[in-house]
Amino acid sequence: MSKTSGIVALSRRSLLRGAAAAGAAAFAGQAMAQDAINDLINAPRRGNWDDQFDAQASRTALDVVSNSPILSANNLVYMQQAISQYQMIVSNGGWPMVNAPAALRIGAMDPSVQSLRQRLMIAGDLPREAGISNSYDSYVEAAVKRFQARHGLPEDGVLGEFTVKALNVGADVRLNQLNTNLIRLQSMSGDLGRRYVMVNVPGASVEAVENDRVALRNTAVVGRIDRPTHMINSKIYEVILNPYWTAPRSIVEKDIVPLMRKDPTYLTRNSIRLFDGNGNEVAPETVDWNAAKAPNLMFRQDPGKINAMASTKINFHNPNNEYMHDTPQQGLFNKLMRFESSGCIRVQNVRDLVTWLLRDTPGWSRQEIERVITTRQNNPIKLAEEVPVYIVYITAWSTSNGIVQFRDDIYQKDGDAQLALQSNIGVEQFAGSVDEDFVPLQ
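Right, let's walk through the structure included here.

Conventions adopted
Residues numbered from 1 in each chain as written. Predicted model: local features only at pLDDT ≥ 70, side-chain atom pairs only at ≥ 80, totals over all residues. Heavy atoms only, no water. Helix = DSSP H or I, 4+ residues; strand = E, 2+ residues; numbered from the N terminus. Contact = heavy atoms within 4.5 Å. Areas by Shrake-Rupley, 256 points an atom, 1.4 Å probe, with all protein chains shown as cover. Phe/Tyr/Trp six-rings, centres within 6.5 Å; stacked < 30°, edge-to-face > 60°. Salt bridge = Lys/Arg side-chain N within 4 Å of Asp/Glu carboxyl O. Buried < 20%, exposed > 50% of the residue type's maximum accessible area, 1.4 Å probe, protein only. Pairing = 2+ DSSP bridges. Core = buried A, V, L, I, M, F, W, Y, C linked by side-chain atoms within 4.5 Å. Axes fitted to C-alpha atoms, helices over the stretch in contact; angles between N-to-C directions. Parallel < 35°, antiparallel > 145°, perpendicular 65-115°, else oblique. Left-handed = near helix turned anticlockwise from the far one by under 90°. Nonpolar A, V, L, I, M, F, W, Y, C, P; charged D, E, K, R; others polar. Arc of directions from axis to C-beta. Polar contact = N/O pair within 3.5 Å; in protein donor to acceptor, adjacent residues only side chain to side chain.

What about the overall build of the protein chain?
Here is step 1 of the chain: Each helix and strand counted, the protein chain has ten helices and 15 strands in total.
Here is step 2 of the chain: Partitioning the contacts of the protein chain with sequence separation of at least 6, the portion at a separation of at least 24 is 72%.
Here is step 3 of the chain: Counting every atom, the protein chain has about 19800 Å² of accessible surface; 49% of that belongs to carbon and sulfur.

A look at the packing of aromatic side chains
Here is step 1 of the chain: Scanning all chains against the criterion turns up five aromatic pairs.
Here is step 2 of the chain: Considering the side-chain rings of Y196 and Y390, the 5.5 Å spacing of their centres and the 75 degrees angle between planes classify their relative orientation as edge-to-face. Placement of Y196 in strand β1 (residues 195-200) and of Y390 in strand β13 (residues 379-392) is noted, with a sequence separation of 194 residues between them.
Here is step 3 of the chain: When the ring of Y393 is compared with that of Y411, the centres are 5.7 Å apart and the planes differ by 25 degrees; the resulting orientation is stacked.

Quick word on the pattern of salt bridges
Here is step 1 of the chain: By the definition in use, this model includes 21 salt bridges.
Here is step 2 of the chain: In this structure, D125 engages R150 in a salt bridge whose closest nitrogen and oxygen atoms are separated by 2.8 Å. Taken together, the positions of D125 in the loop between α3 (112-122) and α4 (138-150) and R150 in helix α4 put the pair 25 residues apart, joining distant regions of the chain. One exposure class covers both D125 and R150, and it is buried.
Here is step 3 of the chain: Its salt-bridge partner being R217, residue E207 comes within 3.2 Å of it at the nearest N-O pair. Note that E207 is positioned in strand β2 (residues 205-210) and R217 in strand β3 (residues 213-223), a separation of ten residues in sequence.
Here is step 4 of the chain: The exposure class assigned to R217 is partly exposed, which follows from its relative accessible area of 43%.
Here is step 5 of the chain: Residues participating in the shared-partner salt-bridge network are R194, R195, E210, R359 and D360.

So, the pairing of β3
Here is step 1 of the chain: Alignment of β2 against β3, held across six bridges, turns out to be antiparallel. Bridge pairing links E210 to R213 in β3.
Here is step 2 of the chain: Turn length for the β2-β3 hairpin, with the two strands adjacent in sequence and antiparallel, is two residues, and the turn residue N211 shows positive phi of about 50 degrees.
Here is step 3 of the chain: Where β3 meets strand β12 (residues 345-347), two bridges bridge the pair, whose relative direction is antiparallel.

A look at the nonpolar core
Here is step 1 of the chain: Formed by 34 residues in total, the largest nonpolar core has its most connected members in V197, I236, L241, I314, M324, L353 and L357.
Here is step 2 of the chain: Other than its neighbours up to four places away in sequence, M324 contacts V197, V199, I236, T312, K313, I314, F316, I345, V347, L353 and V389.
Here is step 3 of the chain: A82, L175, I394 and V404 belong to the second largest nonpolar core, which has 27 residues in total.

So, the packing of helix α9 (residues 350-357) against helix α10 (residues 366-375)
Here is step 1 of the chain: Close contact between α9 and α10 brings their axes to 10 Å; oriented N to C, the two are set at 125 degrees. Viewed along their axes, α9 and α10 adopt a mutual orientation that is oblique. Crossing geometry of α9 relative to α10 is assigned as right-handed. Between α9, through R351, D352, V354 and T355, and α10, the contact on the second element is made entirely by R366, I369, E370 and I373.
Here is step 2 of the chain: Looking at the contact of α9 with α10 residue by residue, the class counts come to three nonpolar, one polar and four charged.

Observations concerning unusual backbone geometry
Note: most residues except glycine have negative phi, and most peptide bonds are trans.
Here is step 1 of the chain: Of note, the phi angle at S271 is positive, near 55 degrees, even though the residue is not glycine.
Here is step 2 of the chain: Within the fold, S271 resides in the loop between α8 (266-269) and β6 (272-275).
Here is step 3 of the chain: Looking at S271, the relative accessible area reads 30%, which means it is partly exposed.
Here is step 4 of the chain: Positive phi, normally seen in glycine, also occurs at R376, with a value near 60 degrees.
Here is step 5 of the chain: Examined against the element boundaries, R376 turns out to sit in the loop between α10 and β13.

Section: α10
Along an α-helix, residues three or four positions apart point the same way, because every turn accommodates 3.6 residues.
Here is step 1 of the chain: Along α10, the residues classified as buried are I369, V372 and I373. Projected down its long axis, α10 carries its buried residues within an arc of 105 degrees, all on one side. Exposed positions of α10 whose direction lies more than 90 degrees from the buried face are Q367 and T374.
Here is step 2 of the chain: The inward-facing, buried residues of α10 abut β4 (232-241), β9 (312-316), α9 and β13.
Here is step 3 of the chain: Once α10 ends, the next one or two residues include R376, with phi positive near 60 degrees.

Overview of the pairing of β6
A regular strand carries its side chains on alternate faces of the sheet.
Here is step 1 of the chain: Pairing between β6 and strand β8 (residues 298-301): four bridges, direction antiparallel. Opposite R273, over in β8, you have R300 as the bridge partner.
Here is step 2 of the chain: Sheet topology note: the β6/strand β7 (residues 281-282) ladder contains two bridges and is antiparallel. Of the residues in β7, the one forming a bridge with F275 is E281.

Quick look at the sheet that holds β6
Here is step 1 of the chain: Across the sheet, four strands lie side by side as β5-β8-β6-β7; this open sheet has antiparallel pairing. Sheet topology places β5 (245-246) and β7 at the edges, where each strand pairs with a single neighbour.

Points about the environment of L76
Here is step 1 of the chain: Structurally, L76 can be placed in helix α2 (residues 75-91).
Here is step 2 of the chain: Its relative accessible area of 5% is what places L76 among the buried residues.
Here is step 3 of the chain: Between the C-alpha atoms of L76 and I183, which are 107 residues apart in sequence, the distance is 9.6 Å.

Section: the environment of D360
Here is step 1 of the chain: Relative to the elements of secondary structure, D360 occurs in the loop between α9 and α10.
Here is step 2 of the chain: Spatially, the C-alpha atoms of D360 and E385 are 7.5 Å apart, while their sequence positions differ by 25 residues.
Here is step 3 of the chain: Every residue in contact with D360, bar those within four places of it in the chain, is listed here: R194, R195 and A384.
Here is step 4 of the chain: Among the polar contacts made by the side chain of D360, one reaches the side chain of R359 at a distance of 3.4 Å.

As structure tokens, then:
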């Protein structure tokens, strides 16, 4: 059964430590902000991009990677420091708007690069010694990549439409976003368990955490805004290798029956078999597909490569019939916005996660998991010890590396329309029902 995690108060000692750290950060942030302004005024003009490359000075997206879990209680202090930093930025006037022509990239010369440099310096993505000029040089490209990594954008170093939109979210809006998410993180700051799985819906990502370190981090696809993934604290109790997929009644009525009317071979080609209430298989050619009502039969897809859940299903206790699973549509993980399911969570490289989950379940090595998958035989596996799973909504966080991360407010919970600026980008429009993640269309 699922459990509810209430807001856990920080200890007095933790609060004192956090307050001291935040105070120090505030003092440092104020000095840093003033130094940044002075450096911008006094910075030498830099030359062309092709003679300014310095591999040691350039910052890359690698800085953003951390093995600290998003939900680690240790991050509360770093969130407080980030809030102090952004308070100083806001009190000093925020950052400039970037009004750049389309798709600026390394090698470009444009007056808008001056405001881009200032914007990146103020947020800490570009070293102040890079100076102010019109040149989109290697320093700027590396800083843009770092900014993109912090905002969950493709790290191409190009000043495209979505990067500009993220750059132009005001510092005061980002400050409010940090404050909102500090409260969310405080509510999850209790004992989460030695091993647990965290799904961050706005980040469309999964963390497998052990001893307060990220053991695995997987890309995910989560629910779209009209069919959201539900936030819940629960436990993973079962892994199914080669799962069956049973079509919900709504899918049968709205999608499968019309498809059968057009193409009577649809069920056979997609390995979907029919069963009556007694478990007897029914031949598709014996069904009247033009009847007013859909047949009262179970539509079950056999395991295999075209199965809606592909190789794996991961079950956790919840009232919404949601689960984690593999997918035959691997290209979805390469999309900018991965909010396309009907609530269930598709996991890239899911076999890595399954191996980690089954580590303490005897007899289930990676080799045995792979062997069973090749058999195409349905195989449910109960975990020897259930693993906690936390499905959360975190759009801003900071960890021990001091990097502040932001994600789009895809379900519009943060209270500002600017933060949902990409919620409809890259979302696949389904012609059929939205009651299930996938309808085979082979």
